[in-house]
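Notes for the structure review
Okay, here's what each chain looks like letter by letter:
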Amino acid sequence: MMTMKRISIDPITRLEGHGKIDIFLNEEGDVANCYLQIPELRGFEQFCVGRQAEDMPNLTNRICGVCPEAHHMAASKALDAVWKVDPPPAAKKLREMFYSIFFATDHTTHFYALGGPDFVVGPDAPPAERNILGVIKKVGMDIAGKVLKMRRDGHHLIKLMGGRPIHPNWGLPGGVSRGINEEQRKEIEARGREAIEFAQFSLRLFEDIVLKNTDYVSLITGGVYTHQTYNMGTVDADNRLNFYEGKTRIVGPDGKEFIKYDPKDYREHIAERVEPWSYLKFPYLKGIGWKGLVDGMDSGVYKSTPLSRLNAADGMATPLAQKEYERLFETLGGKPVHHTLATHWARLVEILFATERWVELATDPEITSSEYRTIPTETPEEGIGCVEAPRGNLTHHYVTDERGILTKVNLVVGTTNNNAPICMSVKKAASGLIQKGKVSEGLLNMVEMAFRAYDPCFGCATHSLPGQMPLRVNLRDPQGEIIQTLSQFIG
Amino acid sequence: MKTLVLGLGNWIVADDSIGLRVAAELARMLADRDDVEVSEDYWGGLRLMERLVGYDRAIVIDAITTGAAPGTIHHLTPDAIPTQRSASAHDMNLPTALELGRQAGLGLPPNREILLVGIEAKDILTFADQCTPEVAAAIPAAVEEVLRLLQTGSPAD
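What counts and how
- Residues numbered from 1 in each chain as written.
- Chains lettered and ligands numbered in written order.
- Predicted model: local features only at pLDDT ≥ 70, side-chain atom pairs only at ≥ 80, totals over all residues.
- Helix = DSSP H or I, 4+ residues; strand = E, 2+ residues; numbered from the N terminus.
- Domains from an automatic or database assignment.
- Contact = placed C-beta atoms within 7 Å.
- Nonpolar A, V, L, I, M, F, W, Y, C, P; charged D, E, K, R; others polar.
- pLDDT = per-residue confidence, 0-100.
- Axes fitted to C-alpha atoms, helices over the stretch in contact; angles between N-to-C directions.
- Parallel < 35°, antiparallel > 145°, perpendicular 65-115°, else oblique.
- Left-handed = near helix turned anticlockwise from the far one by under 90°.
- Pairing = 2+ DSSP bridges.

1. Digging into unusual backbone geometry
Residues and elements named next belong to chain A.
- For the bond running from Lys335 to Pro336, omega is -10°, close enough to zero to count as cis.
- Checked against the element boundaries, Pro336 lands in the loop between α11 (319-331) and α12 (343-362).
- Backbone geometry at Lys84 places phi at a positive 50°, although glycine is not the residue there.
- The phi angle at Asn239 is positive, at roughly 65°, despite the residue not being glycine.

2. Observations regarding the domain arrangement of chain A
Residues and elements named next belong to chain A.
- With domains assigned, chain A is organised as domain 1 (19-41 + 432-488) and domain 2 (86-226 + 339-375).
- Contact with domain 1, which involves eight residues of that partner, is made by twelve residues of domain 2.
- Of all the elements, helix α15 (residues 443-452) adds the most residues to the side of domain 1 that touches domain 2, at four residues.
- Within the side of domain 1 that touches domain 2, the residues separate by chemical class into three nonpolar, three polar and two charged.

3. A few points about the confidence of the model for chain A
All names here are of chain A.
- Within chain A, residue pLDDT values average 86, and 89% of them lie at 70 or more.
- With pLDDT under 50 throughout, residues 1-17 is counted as low confidence; its partners more than four residues away or in other chains account for 30 contacts.
- Every residue in residues 459-469 scores below 50 in pLDDT, and together they form 52 contacts with partners more than four places removed in sequence or on other chains.

4. Comments concerning the packing of helix α4 (residues 89-120) of chain A against helix α7 (residues 182-211) of chain A
All names here are of chain A.
- At a minimum axis separation of 12 Å, α4 and α7 run at an interaxial angle of 15°. Viewed along their axes, α4 and α7 adopt a mutual orientation that is roughly parallel. Every pair of crossing elements has a handedness; the one defined by α4 and α7 is left-handed. Residues Ala104, Phe111, Phe119 and Val120 of α4 touch α7, and the partners they reach there are Ala195, Ala199, Ser202, Ile209 and Val210.
- For the contact of α4 with α7, a count of residues per class yields eight nonpolar, one polar and no charged.

5. Details of the sheet that holds strand β13 (residues 406-412) of chain A
All names here are of chain A.
- Across the sheet, three strands lie side by side as β11-β12-β13; this open sheet has antiparallel pairing. Sheet topology places β11 (382-389) and β13 at the edges, where each strand pairs with a single neighbour. Taken pair by pair, the neighbouring strands of this sheet meet at an average axis angle of 10°, ignoring direction.
- Pairing of strand β12 (residues 392-400) with β13, which is carried by six bridges, proceeds in the antiparallel orientation.

See the structure below:
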């Protein structure tokens, strides 16, 4: 059928500093394969081995400038397990409240700065206008103040609880280093109530601008951005979504539960495929097997995104978010929803859930308790900590000697979970726009929208890329020769 | 005039820490200056803009990769900002963020008072406690350059 040979792609150098996509055409000039390459930091495990495990919440939160709090939390939970200590209830509640504040803040930034502009300003608008300034122009000045307030409040409360403005130094094996007093609790509650209103406002904005526009709805539900894969999410005892703790649940493309397991058993259920053309591994479901970058019940590919979390849960644990959850599935034709662009909507539902949970916990009588740490007494050994990070499931796995010195470190981050579906989404978007060797206008934009929905963390590292989502696409013939290069935001 | 001197970077990624190391040196030297605050952060875009609120002037020190010799010092303005952290793939670039802040009525320094000092990095992909020797050797010159900017308000050349 296809004569394409495998071509290994040159590593991206950090000097280029941008994501690179190679699209291979077959003899007919149609898309045969798409490879997404992203730069990755090196040597984190070696950097950590030999250090004290207690340092990990403060080291790993520097890995990622986008979600330091997610790494901080996964690391703290891994340390609980390493020292075999169960934090007291107040500590768990404080951690989850902190995490909910972070989640709402991070999702807000993504929606208004990156994901939202594609819809609010319009998918056909020039890239230079598809930003928050374009959103303001269309929606009004108020929005700028609202978004900046949400961020300011979130950062302020994270500092108030986490101890430092930059990287929190709060999580410890067995709990946290400090609690909150009544005055602080009141402030957290007040900001949380305003945050709920902001989340509701954001959902109304999405309804008015996106859902009332049939073109946008067609774009969301169209085939270009749809993939029938397995969906992963963390759920509580009632199978409702939880960001901080629970069981990992995976539902099939048909929406039925495939498996539910304790995150500490992840290696029994998730394997990692290594492809010679990518630094980044491709996790897949062991119980299904690796069939390549393909859809369907027989392919072990899964998604770990805001949308996949909604698909994997039976509902939301808070009332307002539950209503929005129901509306999303009713509007898009029932569960599960496989339309990648609906991830932006799911993100807004998650903001509402995070803000409601934030207030629930801020009004919990136990939240100001002074019992926020259990002192570990066991000998440290091995531990796994898992949370849902904004961009997908995040797992930290540490092994130590009897002194608590790290001997092994493994991290599975959100973007890695989504490596296969991101490549598949990019390929599908490209396939629709390249036919018989001809490239339609808007290829870069459509490809960018495909992977922007996942908000991939390039390298899951604190370094950022110059410009706005710099992207280079190489079109290659079956022999691997570059026919055409398209790029944007590469100065 | 209230000035913020801000090092951007990551302490645990080789040359990506250079902006922080220069800022740490300056923090010691400028400890008695009431009109200058020296600080650090890790992220560009919106977050960087939010850090600049309330200052009349800002000098931002960051790693940069242009292909020049490691340790080379570059001068940049907010309109031309290819440094490591002054842009963000997860939110927005600095000019957009500054525009947003100004539209929202935040008190930001004017663009001409936002000076970026970029130090050419060699390795920004490896986790390490230290810079490469070539880049570490540029710390005294970068410190000098920031002190000169504080005094004159414009680059040496």
